[in-house]
Amino acid sequence: MNNIKLVVAKDYNDMSEKAAKIIFDHVKNKADSVLGLATGSTPVGMYRNLIEMHTNSKLDFSGVTTFNLDEYYPISRTNDQSYYYFMQENLFKHVNINPHNIYIPHGEASDIETECANYEKQIDKAGGIDLQVLGIGLNGHIGFNEPGTPFHSLTHAIELHESTIHSNARFFESKADVPKRAITMGIKTVMLSRTILLLASGEKKADILFRTLFGEITTDVPSSVLQLHNSVFVIVDREAAKRL
Ligand code: PGA
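These numbers come from a predicted model, not from an experiment.

A. Layout of the overall build of the chain. What the chain contains, in helices and strands, is seven helices and 10 strands. Relative to the globule expectation of 18 Å for 244 residues, the C-alpha radius of gyration of the chain, 17 Å, shows essentially globular dimensions. When the backbone C-alpha atoms are referred to their principal axes, the chain occupies close to 45 × 40 × 35 Å. The 244 residues of the chain split such that 55% are buried. Expressed as a percentage of contacts within the chain between residues at least 6 apart in sequence, the contacts between residues at least 24 apart total 80%. As presented, the chain carries roughly 10,900 Å² of accessible surface, and 50% of it is formed by carbon and sulfur atoms. The positive charge centre, built from 24 side chains, and the negative charge centre, built from 29, are 5 Å apart in the chain.

Printed below as a string of structure tokens:
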């Protein structure tokens, strides 16, 4: 596992601080870093730490470009459940990032296929992703790449699995309000990132984390593909590390 640097943090806050420090170091080394970002509950504490670093004038986002992993479809950017909205609230509106350097798939694009193809082109044009942040789903999904997604997939449109709709329903008024589709970077898109930062917190992630790092490399567990990447930081809290 030389390609994977595993850090077991004390708890969620410690994991968040350590993850933010990795991003901090990256941006310090390369002011025009291209960051791949993730939504979900896991990275919220890391974003909080990044905002603090910015507020203390230690971290400058003015040269940074970001690409988010995914977005629901269809969804409006003003919908408070859109990932666009999430990113504004949890990071972007609190730091000095240039709005022109923020890329998130358009949940309102009229042609979803064109939007996916353009997203890949935009990533290429930015020079590729330097550091991609990932959370992990209980079934091993990364982004919205559910089990069965081919490892060679690029940014594409997907139908959400029932289990994902169910698990995300807590954020919507009702399960019926969860969009049925999404646009997501593909597994190949993620794997093309130069470095990956995988975060996991809580005992419920212990099993999938074990399968991700030590299980068979299979499309049945999309996150297992990370074993094939040559530079992965895995920062998890003690609860999530229970089976490692
Ligand atoms: P979570 O979601 O951070 O809310 O646990 C992770 C994911 O499903 O990718």
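B. Structural view of the site of the ligand. In the neighbourhood of the ligand, the contacting residues comprise Gly40, Ser41, Thr42, Ile136, Gly137, His141, Arg170 and Lys205. Here Ser41 contributes a side-chain N or O atom positioned 2.7 Å from an oxygen atom of the ligand. Between the ligand and the protein, one listed contact pairs an oxygen atom with a side-chain N or O atom of Lys205 at 2.7 Å. Judged by the proximity of its atoms to the pocket grid, the ligand belongs to the largest pocket.

C. Geometry of the layout of surface pockets. Each pocket or cavity is described by its volume, and for the largest pocket that value is around 810 Å³. Taken together, 34 residues make up the lining of the largest pocket; nearest its centre are Gly40, Ser41, Asn168, Arg170 and Phe171. Among the elements of the structure, β4 (70-73), α3 (83-90) and α5 (162-168) are those that each provide at least two residues to the lining of the largest pocket. A per-element tally of the lining of the largest pocket places α5 first, with four residues. Across the lining of the largest pocket, the residue classes tally to 13 nonpolar, 16 polar and five charged.

D. Quick peek at the pairing of strand β7 (residues 156-159). Residues of β7 alternate between two faces, with His156 and Ile158 buried on one and Ala157 and Glu159 left unburied on the opposite face. Bridge analysis of β7 against strand β8 (residues 181-184) gives four bridges, and the strand direction is antiparallel. Its bridge partner lying in β8, Ile158 is registered against Ala182.

E. Looking closely at the nonpolar core. Counting 61 residues, the largest nonpolar core has Ile23, Met46, Leu50, Leu91 and Leu197 as its most contacted members. Those residues in contact with Leu197 that lie beyond four places of it in its chain are Ala19, Ile22, Ile23, Met46, Leu131, Gln132, Val133, Leu134, Phe233 and Ile235. With 11 residues, the next largest nonpolar core counts Ile75, Phe144, Val178 and Ala182 among its residues.

F. The packing of helix α1 (residues 12-29) against helix α2 (residues 44-55), seen in detail. Their axes nearest at 8 Å, the elements α1 and α2 cross at an angle of 55 degrees. In terms of their interaxial angle, α1 and α2 are classed as oblique. In the packing of α1 onto α2, the handedness of the crossing is right-handed. Residue-level contacts link Tyr12, Ser16, Glu17, Ala19, Ala20, Lys21, Ile23 and Phe24 of α1 to Val44, Gly45, Met46, Asn49, Leu50 and Met53 of α2. Residues belonging to the contact of α1 with α2 are distributed by class as follows: nine nonpolar, three polar and two charged.

G. Representation of the side chain of Ser201 within the structure. Residue position: Ser201 is located in the loop between β9 (195-200) and α7 (206-214). Dropping the residues within four chain positions of it, Ser201 is found in contact with Tyr12, Met15, Thr42, Asp237 and Ala240.

H. Structural view of the packing of α2 against α3. Closest axis-to-axis distance for the α2/α3 pair is 10 Å, and the angle between their directions is 40 degrees. Taken together, the axis directions place α2 and α3 in an arrangement best described as oblique. Residues Val44, Tyr47 and Ile51 of α2 touch α3, and the partners they reach there are Phe86, Met87 and Asn90. Residue composition of the contact of α2 with α3, by class: five nonpolar, one polar and no charged.

Calculation criteria
- Residues numbered from 1 in each chain as written.
- Predicted model: local features only at pLDDT ≥ 70, side-chain atom pairs only at ≥ 80, totals over all residues.
- Heavy atoms only, no water.
- Helix = DSSP H or I, 4+ residues; strand = E, 2+ residues; numbered from the N terminus.
- Rg over C-alpha atoms; globule rule 2.2 N^0.38 Å.
- Buried < 20%, exposed > 50% of the residue type's maximum accessible area, 1.4 Å probe, protein only.
- Contact = heavy atoms within 4.5 Å.
- Areas by Shrake-Rupley, 256 points an atom, 1.4 Å probe, with all protein chains shown as cover.
- Lys, Arg positive; Asp, Glu negative; His and termini not counted.
- Charge placed at Lys NZ, Arg CZ, Asp CG, Glu CD.
- Near = heavy atom within 4 Å.
- Polar contact = N/O pair within 3.5 Å; in protein donor to acceptor, adjacent residues only side chain to side chain.
- 1 Å grid on protein atoms, 1.4 Å probe; cavity = no way out; pocket = protein on both sides within 12 Å on 5 of 7 lines; lining within 4 Å.
- Sits in = over half its atoms within 2 Å of the grid points.
- Points joined across faces, edges and corners; volume = space filled by probe spheres on them.
- Nonpolar A, V, L, I, M, F, W, Y, C, P; charged D, E, K, R; others polar.
- Pairing = 2+ DSSP bridges.
- Core = buried A, V, L, I, M, F, W, Y, C linked by side-chain atoms within 4.5 Å.
- Axes fitted to C-alpha atoms, helices over the stretch in contact; angles between N-to-C directions.
- Parallel < 35°, antiparallel > 145°, perpendicular 65-115°, else oblique.
- Left-handed = near helix turned anticlockwise from the far one by under 90°.

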